[in-house]
Amino acid sequence: MTYFPEEVVEHIFDFLGSHRDRNTVSTVCKAWYQVERLSRQHVFVGNCYAIRPERVMARFPRMKSLSVKGKPHFADFNLVPYDWGGYALPWIEAAARCCTGLEELRLKRMVVSDDGLELLARFFPNFKSLVLVSCDGFSTDGLASIATYCRGLRELDLQENEVDDHGCQWLNCFPDSCTSLVSLNFACLKGEVNAGALERLIARSPNLRSLKLNRAISVESLNKILSRAPHLVDLGTGSFAVDDRAEAYHRLMNCFTKCKTLRCMSGFGEASPCCLKALYPVCINLIVLNLSYAPAIPSDDLIKLICHCSNLQKLWVLDCIGDKGLAVVASTCKELQELRVFPSDIYGAGTTSVTEEGLVAVSSGCPKLNSVLYFCYQMTNSALITVAKNCPHFIRFRLCILDPGKPDPLTNQPLDEGFGAIVRSCKNLRRLSLSGLLTDQVFLFIGLYAKCLEMLSIAFAGNSDKGMIYVLDGCKNLRKLEIRDCPFGDGALLKNVEKYEAMRSLWMSSCEATLGGCKALAAKMPRLNVEIINESGNLVESKENLSDVNKMEKIYVYRSVAGPRNDAPEFVWTL
Amino acid sequence: MSLPLEHDYIGLSEQPSAAAGDGTLNLKDTELRLGLPGSESPDRDDDKMGLTLELLPPKSFASGAKRGFSLAIDAGAGKWGFAAGGGGSEKEMGKGGVLFSPKGEATAGGKPSGLGSAGKDAAGKTAGRESKASEHAGHSDGNHREIAPAAKAQVVGWPPIRSYRKNTMATNPLKDKEEVDGKLGLGCLYVKVSMDGAPYLRKVDLKTYSDYKELSSALEKMFSCFTIGQCGSQGIPNRDGLSESRLMYLLNGSEYVLTYEDKDGDWMLVGDVPWEMFTDSCRRLRIMKGSDAIGLAPRAMEKCKNRD
């Protein structure tokens, strides 16, 4: 194939969808490396510290779309200190120097500044799409820059970010000439936007297909918006606080009747049961429904709504849906692929209205189910075994039993057998999160059977180093391993050190690994960054006091060709 | 049913004997210290226990705070509720629910939810009766893997729910449910805390504290590498009863005061308004130099007057 002209090789590479495939072909020979790098348009960087931005830009000068992830996953649960890192600015600056053709930027768990957003807005003439997921560090001023300077902006998608509200009317900054919006999501913003400006913006955006409003948007505004955008496919409703006796409610129902293309809905922040009926006209078309931010809707009303949603593929709900509600999901939603059940009350008396029965019901009624996130207070081995039998096609299975280390309440046994059944049956399982009482046995099963597993999250589990060793030795495709509060120590950490170079990262917190172990790891594997995160006061002083037998509270190990990072705060120590 | 445990600022509990786990009156529990019932502090050296502002003059506090802090770390890792007041190494709640591994680094800053929650739990959250019982059960020892039921709701980062979700749900309390104890739901409200001169920010969950004292002591610990003063208004007496020391610190000029930015974007001194009003309106906290904060007080009082 090396005798083909480059254009042909490039054309063939165009058919390679995933960046993994492209990474692979670029290692075949120098010629292919060159062709591939000059033609790659979408670049994905799974760990922003694995490589320096300049190197990425130099290798892929024609990059149009860049996706970067920052903090480790456990940062979502406040296990990573606030100022740990993950800054977006170096990436934006590097792109501004070499890749000004950039059109799309997608960042997850990174710290983005207003300066960075302004740079993005001003220096990239073709910039079209900004997606920020779980980021922070910026304010509405940064959004104002994007709105003001990005001509031809198509997508501004802010998912679950922490945005400082500086009160500026960023939405007003979209010029009258901006008519290109396809997707606008500002559901995570807490502040008000000018309703009139919003309505006018939507009126001049004929291509708008996805719109997610924040809670400050009233139903009256929603009505006006829907009447101007009947072709919406994806809607986040804003507050949705309306009384079914009000005129606004009837207008709402009327609007929904006209929204023939609506397929995805979310929001419902202040929805009350009476206003849900307005949705009935669209329910039959819905494939995605996110009610997980709607705590005021009791089970019976959820059931009435779901009865109309027979085409749902993705459902996110709160556990107030109850086992009864999940049984209705099981009998109604035969197309369901993904289910997420979130807890509504974690400080409560220790019971929720979902138990293992709800999960079993859905597993039995929904043949296409492949992705589950389930919070509950109890689970049994026999339920898990049943679920495993019903759903051999799971790709993602994340179970969170809210009491750490809780055994099977029927048998008082650990849940090793149940999770063992899951990994044995679900041969394509890529992501698994464990909970409940678990011994080393479950890890033996995982190492034996979970050959496709890429990401594993462990908490309060295991008895000894053997547990972690089983996983590292057995899971050939493991990329991310995150562990908290488990008795895994230096023996486990150091048994299979080469493995970490084949993985993106390892997180261990509140485990038994010591400073000596970490030092040994760092010494053996120079291409790993072994970070110790020590928040207790002044690290410089602590370093003198630390001996090799001290256990390290938080360890983050990741492969990197960039060497130790130069932006680490005081409390992070790269060995 | 055990009574909700009132924690005052210096850690005295109402049920000292229950806390000690035996029937006798445990004089240690009536000692002045910061800590949960049942926690043991090492014999106190006043210099080292520099965590209580009122007890020490400013100078020794500055150094004492640091030492007290690291003392807490060395001795107290593994103790539930984050080594408050240099608690001993008892693992009250058992390992499973504990923030820290039995030895080694305790995670200090950024984890007030653990500390605050433990305190707050006692203050009457709906964490269940058994949780209070186990908290009073005194020291559990060497039960590294035993998880007390109480721990479930207060372990840092557990359950694994994104803070965005927690914050969103917290500001949207269940409207239709009858709420007996006040706040049900995910109840959590993270605000950023910055300190003038400190190289990094922290975040605290305001809902894990029940009053200014708890917040103040948690912040002290978090930023105790640096000098830190007491929060509050200038010389305005309030129910906390600490106004004199506040005044003293402010007048010293070099100490820090705690301020917050409210919903309207104004910067106010912490301590002027009732606690609930504060948590409702506080958007972020800033520990600023006392000298910088002098101008704030009049505005704060104005606002209060306008509100009333």
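A quick note: this is a predicted structure, and the numbers were derived from the prediction, not measured.

The next subject is the nonpolar core. Residues Phe256, Phe397 and Ile446 of chain A are the most contacted members of the largest nonpolar core, which totals 203 residues. Membership of the second largest hydrophobic core comes to 25 residues, among which are Val191, Val193, Tyr209 and Tyr260 of chain B.

Here the focus is helix H19 (residues 465-474) of chain A. Those residues of H19 of chain A lying buried are Gly467, Met468, Ile469, Val471, Leu472 and Gly474 of chain A. For H19 of chain A, the secondary structure elements touched by its buried residues are helix H18 (440-449), strand E18 (455-459), strand E19 (480-484), helix H20 (490-495) and strand E20 (505-509) of chain A.

Residue and element names in this part refer to chain A. Applying the stated criterion across every chain yields a total of 28 salt bridges over all chains. Linking Glu501 and Arg527 is a salt bridge whose minimum nitrogen-to-oxygen distance equals 3.2 Å. Remark: Arg527 occurs in the loop between helix H21 (515-524) and strand E21 (528-533) and Glu501 occurs in the loop between H20 and E20; sequence separation between them is 26 residues. A residue is classified by how much of its surface remains accessible, and Arg527, at 51% relative accessible area, is exposed.

This part covers the sheet that holds strand E1 (residues 190-195) of chain B. Residue and element names in this part refer to chain B. The 5 strands lie next to each other as E2-E1-E5-E3-E4, forming an open sheet whose pairing is mixed. Each end of this open sheet is capped by a strand with a single partner; those strands are strand E2 (202-205) and strand E4 (267-269). Across the sheet, the axes of successive neighbouring strands diverge by a mean angle of 35°, strand direction being ignored. Taken together, the 4 bridges between E1 and strand E5 (residues 284-289) define a ladder with parallel strand orientation. Bridge pairing in E5 places Ser194 opposite Arg286. Each of E1, E2, strand E3 (256-261) and E5 is contacted by helix H6 (residues 212-222), which is oriented at about 155° to E2, the strand it contacts most.

What follows is about unusual backbone geometry. In this model, Trp158 of chain B is joined to Pro159 of chain B through a cis peptide bond whose omega is -5°. Position of Pro159 of chain B among the secondary structure elements: in the loop between helix H4 (129-136) and helix H5 (163-170). In this structure, Asn78 of chain A is a non-glycine residue whose phi angle is positive, near 65°. Summarising the element assignment, Asn78 of chain A is placed in the loop between strand E2 (65-69) and helix H5 (89-98). The phi angle at Phe240 of chain A is positive, at roughly 60°, despite the residue not being glycine.

A few words now on the packing of helix H9 (residues 219-228) of chain A against helix H10 (residues 247-258) of chain A. All names here are of chain A. Interhelical geometry of H9 versus H10 gives an angle of 25° and a closest axis separation of 9 Å. Considering their axes alone, H9 and H10 lie roughly parallel with respect to each other. As for how H9 packs across H10, the hand of that crossing is left-handed. Residues Val219, Glu220, Leu222, Asn223, Leu226 and Ser227 of H9 touch H10, and the partners they reach there are Ala248, Arg251, Leu252, Cys255 and Phe256. A breakdown of the residues in the contact of H9 with H10 according to their chemical character gives 7 nonpolar, 2 polar and 2 charged.

This brings us to the pairing of strand E10 (residues 234-237) of chain A. Remember that side chains alternate between the two faces of the sheet whenever the strand is regular. All names here are of chain A. Burial along E10 is two-sided: the residues Asp234 and Gly236 and Leu235 and Thr237 are all buried. Taken together, the 4 bridges between strand E9 (residues 210-213) and E10 define a ladder with parallel strand orientation. Looking across to E10, one finds that Ser210 is bridged to Asp234. In the classification by handedness, the crossover that spans E9, the intervening H9 and the parallel E10 is right-handed. Of the strand pairs in this sheet, E10 and strand E11 (residues 264-266) are connected by 3 bridges, and their pairing is parallel.

Attention shifts here to the UniProt feature "domain: F-box" (unreviewed entry) in chain A. According to UniProt, the "domain: F-box" (unreviewed entry) feature falls on residues 4-45 of chain A. Note that residues 4-45 of chain A is 60% helix and 10% strand, and that its end C-alpha atoms are spaced 30 Å apart.

Turning to helix H14 (residues 322-332) of chain A, a few remarks are in order. Residues and elements named next belong to chain A. Where burial is concerned, most of H14 is hidden: 8 out of the 11 residues are buried. Burial in H14 covers these residues: Gly322, Asp323, Gly325, Leu326, Val328, Val329, Ala330 and Thr332. Elements that come into contact with the buried residues of H14 comprise helix H13 (299-306), strand E13 (314-318), strand E14 (338-342), helix H15 (356-365) and strand E15 (371-376).

Before going further, it helps to examine the side chain of Ser292 of chain A. As for its position among the elements, Ser292 of chain A is in the loop between strand E12 (288-290) and H13. A relative accessible area of 0% means that Ser292 of chain A is categorised as buried. At a separation of 2.9 Å, a polar atom in the side chain of Ser292 of chain A contacts the side chain of Arg165 of chain B. Ignoring any residue separated from it by four or fewer positions in sequence, one finds Ser292 of chain A in contact with Trp316, Val317, Leu318 and Phe342 of chain A together with Arg165 and Met169 of chain B.

Let us look at the environment of Arg284 of chain B. Of note, Arg284 of chain B is situated in strand E5. Among the residues examined, Arg284 of chain B registers a relative accessible area of 27% and is labelled partly exposed. Setting aside its immediate chain neighbours within four residues, Arg284 of chain B contacts Asp164 and His166 of chain A together with Val191, Lys192, Thr259, Tyr260, Glu261 and Trp267 of chain B.

On to the packing of helix H1 (residues 6-13) of chain A against helix H3 (residues 30-39) of chain A, then. Residues and elements named next belong to chain A. H3 packs onto H1 with a crossing angle of 60° between their chain directions and a minimal axis gap of 10 Å. By the angle between their axes, H1 is oblique relative to H3. In the packing of H1 onto H3, the handedness of the crossing is right-handed. Mapping the contact onto sequence places Glu6, Val9, Glu10 and Phe13 in H1 and Trp32, Val35, Glu36 and Ser39 in H3.

The rules we used
- Residues numbered from 1 in each chain as written.
- Chains lettered and ligands numbered in written order.
- Predicted model: local features only at pLDDT ≥ 70, side-chain atom pairs only at ≥ 80, totals over all residues.
- Heavy atoms only, no water.
- Core = buried A, V, L, I, M, F, W, Y, C linked by side-chain atoms within 4.5 Å.
- Buried < 20%, exposed > 50% of the residue type's maximum accessible area, 1.4 Å probe, protein only.
- Helix = DSSP H or I, 4+ residues; strand = E, 2+ residues; numbered from the N terminus.
- Contact = heavy atoms within 4.5 Å.
- Salt bridge = Lys/Arg side-chain N within 4 Å of Asp/Glu carboxyl O.
- Pairing = 2+ DSSP bridges.
- Axes fitted to C-alpha atoms, helices over the stretch in contact; angles between N-to-C directions.
- Parallel < 35°, antiparallel > 145°, perpendicular 65-115°, else oblique.
- Left-handed = near helix turned anticlockwise from the far one by under 90°.
- Nonpolar A, V, L, I, M, F, W, Y, C, P; charged D, E, K, R; others polar.
- Right-handed = clockwise from strand over helix to strand, strands pointing away.
- UniProt positions renumbered as here; feature names shortened; annotations may be inferred.
- Polar contact = N/O pair within 3.5 Å; in protein donor to acceptor, adjacent residues only side chain to side chain.

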